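# Descriptive analysis of the structure
For reference, the chains in residue letters:
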Amino acid sequence: YNASRGDRMKTQEKIIAKEKKELSRLNKIQSKGSSGKYFFILVFLIAVVNILDEVTSNLTVTVQSSFVTEFFVNNPFMGKYYTYEDGLAFHSGIGVVTYVFGLFTPFYKALADKWGRKPLFALSTLGMAVGLIVIHLSSSYIMFLVGFAIISFFMGHDIQIIYILEEAPHKHRAKIYSFLKSFGILGVILIPTLRDILMGNDATKWREIFLVPALIGFVAVLLVVLLAKDTKVFVSERIEYLSRPFEERAIEKQQKKQNKEAQRNQSGVFNGVKYIFSNKDTKMLIISHIVFDSAMPAIALYFESSMHRAGMSTADITKALFMVPVVYATITFLSGFVADKLGRKVTVTAFSTTCVVGYILFVAGILLGWNPYLVGALAGLYQGSYWIGRDYMNVMMTEKVPTDIRASVVGAEGLLVIIGLVVGYGLAIVGMMLMPIWWACLAIAVPAVTIAAIMFAVNVKETKGVSLEEIE
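This text gives an overview of the structure that appears in the document.

What counts, and at which threshold
- Residues numbered from 1 in each chain as written.
- Predicted model: local features only at pLDDT ≥ 70, side-chain atom pairs only at ≥ 80, totals over all residues.
- Heavy atoms only, no water.
- Helix = DSSP H or I, 4+ residues; strand = E, 2+ residues; numbered from the N terminus.
- Buried < 20%, exposed > 50% of the residue type's maximum accessible area, 1.4 Å probe, protein only.
- Areas by Shrake-Rupley, 256 points an atom, 1.4 Å probe, with all protein chains shown as cover.
- Axes fitted to C-alpha atoms, helices over the stretch in contact; angles between N-to-C directions.
- Parallel < 35°, antiparallel > 145°, perpendicular 65-115°, else oblique.
- Left-handed = near helix turned anticlockwise from the far one by under 90°.
- Nonpolar A, V, L, I, M, F, W, Y, C, P; charged D, E, K, R; others polar.
- Salt bridge = Lys/Arg side-chain N within 4 Å of Asp/Glu carboxyl O.
- Expected span 1.5 Å × (residues − 1).
- Polar contact = N/O pair within 3.5 Å; in protein donor to acceptor, adjacent residues only side chain to side chain.
- Contact = heavy atoms within 4.5 Å.
- Phe/Tyr/Trp six-rings, centres within 6.5 Å; stacked < 30°, edge-to-face > 60°.
- Lys NZ or Arg CZ within 6 Å of the ring centre and 35° of its normal.
- Core = buried A, V, L, I, M, F, W, Y, C linked by side-chain atoms within 4.5 Å.

This paragraph deals with the overall build of the chain. Per the secondary structure count, the chain includes 24 helices and 0 strands. Split into buried and exposed, the 472 residues of the chain put 48% on the buried side. Per element, the accessible surface of the chain, about 23,000 Å² overall, is 65% carbon and sulfur.

Okay, structure coming up:
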């Protein structure tokens, strides 16, 4: 007993000594403050990383026809040659497995509250860069999948967005956020630029376009380490926490542990699910959202393959890809004004309509040989419209639930919509083995978005102007 007690005392002393060093370091950071010049440096760093995030998210999709043709059609995989559609279906099935990494996302993000925003900012950027360089060097489909799994885990964590929301002046926060988001989307124009310079009309050179974003990522990591500071919010809260006596914090931690069961009665993902289905309005919203998400794979993942299989050349596909981020970024920027002026319901239903119309015209364009820039503009229209509609469904859910359970409901929403995503993947995989990719995607996306929009418009109440503090 005495030996055990002695070990605990030594461990406690080590923790206290370590925390004193951390507190001293944080106090120095806080005492220096931040100049206006630093904020502009931070905005630049966030803009670069945000562009890297968007490029990483879209890069494998925009060379889909190239790597599927190489790994499955022109070369045997596991001793077997595949048709293009069968190879793409196989890759899609394997790709679903990589989303398992998403289960670890909450635990990874939670490290930002312990380690600080800066380490996670640098680590996420490094992870994307490493994944890109692995794909660039890949000599087999297995190695490609390793790189794909790495970027699937690190992209989309949006640590850079947390940074700007905590650092930006309160009255300009939304403006700066929307600007950086649109700027990041517009940065996707780097992809067709690299395709034009490095690939030309040779689809076999697809690996080359992964190198430049990877190098940008490594440089960005170095700049973040050298120039970025942790956010004022984190530093202030961490100082407040570490300034309290160790014993007081230990007692508080024990009390929280004892009260854990009581807290579960109010929060938690499963209680969030119960809350959503206990109210007709939120229930209809989540059902609409699940149906809407079943269109996601067809909307987001196969447009480049559709252009390829419809007969567009590599060079023409590149031309089309120049227009996608331009249109997408433009309507994303405008959607905020629409949502604030006309309401969330109008925004979701209006952009669902432009999504359906844009998709039908996109398919007509690739089959009838329309100008590739027009085809790309239509792709940007339907994809941007879809993501805007989905984003504002998320916004409306947060505006319908009380503060004490809001985070739990958002977590529950993210869990429930996976149902739609899995169904959509399954339908796409089966569909592309039975018919041309564009018909399979059209047959999934148009009915799903249309049905979801009608259900949403008829059954879900508007949330524009709702005070989050007054929701009961």
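Now, onward.
Two numbers describe how helix α20 (residues 344-368) lies on helix α21 (residues 372-398): the axes approach to 7 Å, and their chain directions differ by 155°. Between α20 and α21, the crossing angle belongs to the class labelled roughly antiparallel. In the crossing of α20 with α21, the sense of the turn from one axis to the other is left-handed. Across the contact of α20 with α21, the residue classes tally to 18 nonpolar, 6 polar and 2 charged.

Once that is clear, we can look at the pattern of salt bridges. Across all of its chains, the model carries 6 salt bridges by this definition. Between Glu85 and Arg309 there is a salt bridge, and its shortest N-O distance comes to 3.0 Å. Highlighted residues: Glu85 in helix α4 (residues 84-98) and Arg309 in helix α18 (residues 303-309), separated in sequence by 224 residues. The buried category is assigned to Glu85, whose relative accessible area is 16%. Put simply, Lys400 and Asp281 hold a salt bridge, and the shortest N to O gap is 2.3 Å. Residue Lys400 is found in the loop between α21 and α22 (403-416), and its partner Asp281 is found in helix α16 (residues 280-293); the two are separated by 119 residues along the sequence. Neither Lys400 nor Asp281 differs from the other in exposure class; each is buried.

Quick look at α16 now. For α16, which comprises 14 residues, the first-to-last C-alpha distance of 20 Å matches the rise-based estimate of 20 Å (1.5 Å per residue) to within 8%. Along α16, the residues classified as buried are Asp281, Thr282, Met284, Leu285, Ile286, Ser288, His289, Ile290, Phe292 and Asp293. The residue sitting at the N-terminus of α16 and contributing the capping side-chain oxygen is Asn279; that oxygen lies 2.8 Å from the backbone nitrogen of Asp281.

Okay, the packing of helix α23 (residues 418-434) against helix α24 (residues 437-459) next. The contact between α23 and α24 brings their axes to 8 Å, and the two run at 145°. Of the two possible hands of crossing, α23 and α24 adopt the one that is right-handed. Residues Gly424, Leu427, Ala428, Gly431 and Met432 of α23 form the contact with α24, whose own contacting residues are Ile437, Ala440 and Ile444. When the residues that make up the contact of α23 with α24 are grouped by side-chain class, the tally is 6 nonpolar, 2 polar and no charged.

For the structure on display, the rule yields 24 aromatic pairs. Judged by centre distance (5.8 Å) and plane angle (80°), the rings of Phe71 and Trp206 are edge-to-face. A residue pair is termed long-range when its members are at least 10 positions apart, and Phe71 in helix α3 (residues 64-73) and Trp206 in the loop between α10 (190-199) and α11 (211-227) qualify at 135 residues. For the ring pair Phe77 and Tyr141, a centre distance of 5.2 Å and an interplane angle of 85° mean the geometry is edge-to-face. One end of the pair, Phe77, is in the loop between α3 and α4; the other, Tyr141, is in helix α7 (residues 141-154), and 64 residues separate them in sequence. Here Phe77 falls in the buried class, since its relative accessible area comes to 10%. On the basis of relative accessible area, Tyr141 is assigned to the buried category, the value being 3%. What links up through ring pairs into an aromatic cluster is the set Phe67, Phe71, Phe72, Phe77, Tyr82, Phe90, Tyr141, Phe144, Phe148, Trp206 and Phe210. Its end group placed over the ring of Tyr82, Lys80 keeps NZ or CZ at 4.8 Å from the ring centre. Looking at Lys229, its charged tip hangs above the ring of Tyr38, at a distance of 4.9 Å from the centre.

By size, the foremost hydrophobic cluster in this structure holds 118 residues, and its most contacted members are Trp206, Tyr302, Met307, Tyr359 and Phe362. Ranked by residue count, the leading element in this core is helix α2 (residues 36-62), at 13 residues. Dropping the residues within four chain positions of it, Trp206 is found in contact with Val63, Ser66, Phe67, Glu70, Phe71, Ile135, Ser138, Phe144 and Met199.

A positive phi angle, near 55°, is found at Met78, a position not held by glycine. Mapped onto the secondary structure, Met78 falls in the loop between α3 and α4. With relative accessibility at 71%, the residue Met78 sits in the exposed group.

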